Amino acid sequence: MKTRITELLGIEHPIVQGGMQWVGLAELASAVSNGGGLGIVTGLTQPTPKDLLTEIERCQSMTDKPFGVNLTILPTIKPVPYDDYAQAIVDSGVKIVETAGRNPEPYLAMFKEAGIKVIHKCTSIRHALKAEKIGCDAVSVDGFECAGHPGEDDVTNLILLPLAARRLKIPFLASGGLGDGRGLAAALAMGADGINMGTRFMVTKEAPIHDNVKQRMIEATELDTALIYRSFRNTARVFKNSVAEQVVEIESRPGEVKFEDIQPLVQGVKGRELFDGGDLDKGIWSAGMIVGLIDDNPSCEELITRIVAEAEDIISNRLRGMISQ
Ligand SMILES: Cc1cc2nc3c(=O)[nH]c(=O)nc-3n(C[C@H](O)[C@H](O)[C@H](O)COP(=O)(O)O)c2cc1C
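Small disclaimer: the values here were computed from a predicted structure and weren't measured.

Reading the values: rules and limits
- Residues numbered from 1 in each chain as written.
- Predicted model: local features only at pLDDT ≥ 70, side-chain atom pairs only at ≥ 80, totals over all residues.
- Heavy atoms only, no water.
- Core = buried A, V, L, I, M, F, W, Y, C linked by side-chain atoms within 4.5 Å.
- Buried < 20%, exposed > 50% of the residue type's maximum accessible area, 1.4 Å probe, protein only.
- Helix = DSSP H or I, 4+ residues; strand = E, 2+ residues; numbered from the N terminus.
- Contact = heavy atoms within 4.5 Å.
- Near = heavy atom within 4 Å.
- Polar contact = N/O pair within 3.5 Å; in protein donor to acceptor, adjacent residues only side chain to side chain.
- Areas by Shrake-Rupley, 256 points an atom, 1.4 Å probe, with all protein chains shown as cover.
- Nonpolar A, V, L, I, M, F, W, Y, C, P; charged D, E, K, R; others polar.

Caption draft 1: Looking closely at the nonpolar core. Ranked by size, the top nonpolar core spans 73 residues in total, and within it I15, L71, F111, V139, F201, M217 and W285 carry the most contacts. Ranked by residue count, the leading element in this core is helix α14 (residues 300–322), at seven residues. Residues within four places of L71 in sequence aside, it is in contact with Y82, Y85, A86, I89, E98, T99, A100, Y107 and F111.

Here is the structure:
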């Protein structure tokens, strides 16, 4: 397939692996890129900018294909030296960055000067238009189905993607709720130039997380996600385990909820321990509704090849067959 995204990023297939805290290590990013997609190393998973540089070098030693780095700019309890992370990305020689969270404008000039293409991930059309206006090369449009932060508008991709197609000039990726060839064909039909997947790539051989997590996600249905932090207007979609259910219960109590009330349950370090040790009720982890459509643990290359083959078959046989000759 040839789309504006494959052309812009210099990749074979229009499939991108979004940044994932604790999961986006060199093993996964390089496997996605070697499979013909675009892998992304997650910047803030590395404790310091120097560690990020080392992780990028490790990824460079594992693939000679393009890959990117995610820089998620969000308010955090502990201050993050974002400027130094951005500088590490420039110094590494990587040519693609996925930004997310806040407006990436402060870093655009330095990225552009270094010849870096910037894909900004956003959950609304107004933010996508803003990203286009400030000079981002592409956007990822994250619908309400997505893992992580879907924003507060609750608009699904069936609406967001055609809106993006109508209003944006720059190429865009459909993100959220995608994981098979039907999804890819539908996203392209709605005007997207490719897809961005998070949850689906967690259940691949190369994803550096415990098999218990992968197995639980294979067993899960589309009903197995929960929305937390709604009361803080910082919604996150996570896997519905006992910890997520406790958080939802605390947030639904009458009166104002304080972050301290849930903080012990949602600590990032516990999520990391869960991924490493496989104790599924240790903490919380991001997961999207696409878990309902995941039923195996392939390699990234197998997954990407299968998705593209399914989508090509739908486009050239099923859809073409519906048009009278
Ligand atoms: C475990 C996990 C961690 C994530 N961490 C981040 C992150 O640190 N920064 C970010 O921009 N997006 C993060 N995301 C969101 C993904 O990049 C992507 O936008 C999202 O997963 C797309 O929806 P999907 O899961 O339905 O494919 C994460 C997703 C998952 C599943």
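Caption draft 2: Highlighting the side chain of T45. Residue position: T45 is located in the loop between β2 (39–42) and α3 (49–62). Leave out the neighbours within four places in its chain, and T45 touches M20, Q21, W22, L25 and R272.

Caption draft 3: Examining the site of the ligand more closely. In the neighbourhood of the ligand, 21 residues make up the surrounding shell, with G19, T72, K121, G177 and T199 lying closest. In the model, a nitrogen atom of the ligand is placed 2.8 Å from a nitrogen or oxygen of the T72 side chain. Interatomic distance of 2.5 Å between a side-chain N/O atom of T199 and an oxygen atom of the ligand. Relative to its unbound accessible area of 600 Å², the ligand is 92% covered by the protein chains. Looking at the shell around the ligand, the elements that each hand over two or more residues are β3 (67–73), β8 (194–197) and α9 (199–202). Taken together, the residues of the shell around the ligand sort by class into seven nonpolar, twelve polar and two charged.

The values are spatial; any link to function lies outside them.
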